[in-house]
Amino acid sequence: MEIAYFLGCIMNNRYPGVEKATRILFDALDIKLKDMEGASCCPAPGVFGSFDEKTWASIAARNLTIAEDMGLDLMTECNGCFGSLLEANNMLKDNPEKKEEINEVLSEVGREFKGTIDVKHFAQILRDDVGYEKLASIVEKPVNLNVAAHYGCHFLKPTKEVGIESSAEDPTILDELIEITGAKSVPYKDKMMCCGAGGGLRSRDIDVTLSFTKEKLENMQAAGVDAIVNVCPFCHLQFDVGQDEVNKKYGTDFHIPVFHLAQLYGVAMGLSEDELTMNNHLIDASPALAKALAEYDKLATE
Amino acid sequence: MTLLTDKELLNMDSLDKDFTAAFIDAGIESVQHCFQCGTCSGSCPSGRRTPYKVRQLVRKCLLGLKDEVISDDALWMCTTCYTCQERCPRSVVIVDIVKKARNIAAHAGYMAKPHRMTGLFVINTGHGVPINPVTKELRARVGLSELPPTTHMFPEALKEVQTICKATGFDELIGYDEETGELKPE
């Protein structure tokens, strides 16, 4: 299986350990990730989608044509990119007038949206194309941690358009993917709540964003988790950088390490903190990694 | 004595029919289906901490209260989390309404500087969050290419993004100054 690998911005330009872990994971799963040379920002739905639909759809469509030219479905592991690209792809496939309007823009750069590929989320590919059985086979070191699953918003919603889960009130996909690594997905209050960063809010009003994040962190901490696991680099940044910002703003002392699902699989495959660039996170991940390793050693000697 | 003033009374002159029509024309006919139950506001994480009232926003868009909607900072407090839309018993595409209202607001000049800056980054680099020296070093350290194989690595691809932003007028919308590569002074 081959897939066009859409990078986006925050993963490759801030948390390259997520990209590294993904490349190693997909190697192990015999899926070829093909780089989408010259792809850009999805573009950021909060700003481009809010300011000008035509520009948003045109830049998204340009990215989609790169995958179309490769003849491959596209994979992203960012909920924001997923939302933007999936929505644009559906809109242009379903609406001939919009397609014509956007293709007129794209003709300026010698491109044409055809509507020949699908947009898929990383976690969706792990569930639907790889399958849980095969995934379990690449886990070398079960990660014995209690974690808070953070789904994020644009991974599943709007459910009618996305179709990964029939309802976003009580989904299971991320919890199941987490538990294959040996970690336990712990229930917590308002689990499906937004991290606070989306829709352009983080850059527009950081105080409001941080009040969302603080509420989520309180609920996660009350459940006694060792780490947060997400499937979106923007949520990831919000829980990592934002956690530090919450501590500074509110005088709190949250220190819950943050893993993208790809990094959790990296740990399960035995990759180091350095390879996963987790030692570059603002929130120190070493206590969680040390606990996971100690638990593993304990079980291995039993 | 009444507490109502003329200012607080709505009459037909207050309503902008073109504003309402903009939603219908954009395919958001479901704005008309709202029966104001308030499930949206009750579900809204932003409404719990800010003056953002999504139920009221939908009503104002349907009535055509354009100026009230587009000049309100609260319009930008939505994180587009879709909780309202998922729970709406009338299947109103609420987030589409928010985005359409924001598009009209932006085109009327209501744009925050940090948002315009994100637009500027995309025009200048192709990325809303461009690479920095720390990440370049990190990428190299773990064996990835120092620059990702995106517009960062391919200047001709960046040119395409810039051509698109010019063709749609996005550069003018955000006040991009091609000479300096910065935003024009407000």
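None of the values given here were measured: they were computed from a predicted structure. (Residues numbered from 1 in each chain as written. Chains lettered and ligands numbered in written order. Predicted model: local features only at pLDDT ≥ 70, side-chain atom pairs only at ≥ 80, totals over all residues. Heavy atoms only, no water.)

K.L.:
Give a description of the sheet that holds strand β3 (residues 74-76) of chain A that names residues and reports values.
P.N.:
Residues and elements named next belong to chain A. Overall, parallel pairing links the four strands, which are arranged β2-β1-β3-β4 in an open sheet. Looking at the sheet topology across the chains shown, the edges are occupied by β2 (32-35) and β4 (119-121). Averaged over all neighbouring strand pairs, the angle between strand axes comes to 40 degrees, with direction disregarded. As defined by bridge partners, β3 adjoins β4 across three bridges and the pair is classed as parallel. Bridge pairing in β4 places M75 opposite K120. Helix α7 (residues 122-130) contacts β1 (2-5), β3 and β4 of the sheet and is inclined by roughly 85 degrees relative to β4. (Pairing = 2+ DSSP bridges. Helix = DSSP H or I, 4+ residues; strand = E, 2+ residues; numbered from the N terminus. Axes fitted to C-alpha atoms, helices over the stretch in contact; angles between N-to-C directions. Contact = heavy atoms within 4.5 Å.)

K.L.:
Outline the side chain of B:R139, supporting the account with residue identities and numerical values.
P.N.:
Structurally, B:R139 is set in helix α8 (residues 133-141). According to the relative accessible area criterion, B:R139 is buried, its value standing at 0%. Those residues in contact with B:R139, other than ones at most four positions away along the chain, are A:N12, A:P16, A:E19, B:I131, B:L144, B:S145, B:E146, B:L147, B:P148 and B:P149. (Buried < 20%, exposed > 50% of the residue type's maximum accessible area, 1.4 Å probe, protein only.)

K.L.:
Before we move on, could you go through the interface of chain B and chain A and cite the residues and values that matter?
P.N.:
Many analyses report the size of an interface as the accessible area lost when the parts associate. Counting residues at the interface gives 64 residues for chain B, matched by 65 residues for chain A. Interface area for chain B against chain A, summed over the two sides, is near 5,400 Å², with a carbon-plus-sulfur share of 60%. Considering only the side of chain B, the residues that lose the most area to chain A are B:R49, B:H115 and B:I164, jointly responsible for 12% of the buried surface there. The tally of links between chain B and chain A comes to nine salt bridges. With a closest N to O distance of 4.0 Å, B:R48 and A:E215 form a salt bridge. For the pair chain B and chain A, the number of links is 34 residue pairs in polar contact (both at pLDDT 80 or more). (Buried area = accessible area lost by both parts, 1.4 Å probe. Salt bridge = Lys/Arg side-chain N within 4 Å of Asp/Glu carboxyl O. Polar contact = N/O pair within 3.5 Å; in protein donor to acceptor, adjacent residues only side chain to side chain.)

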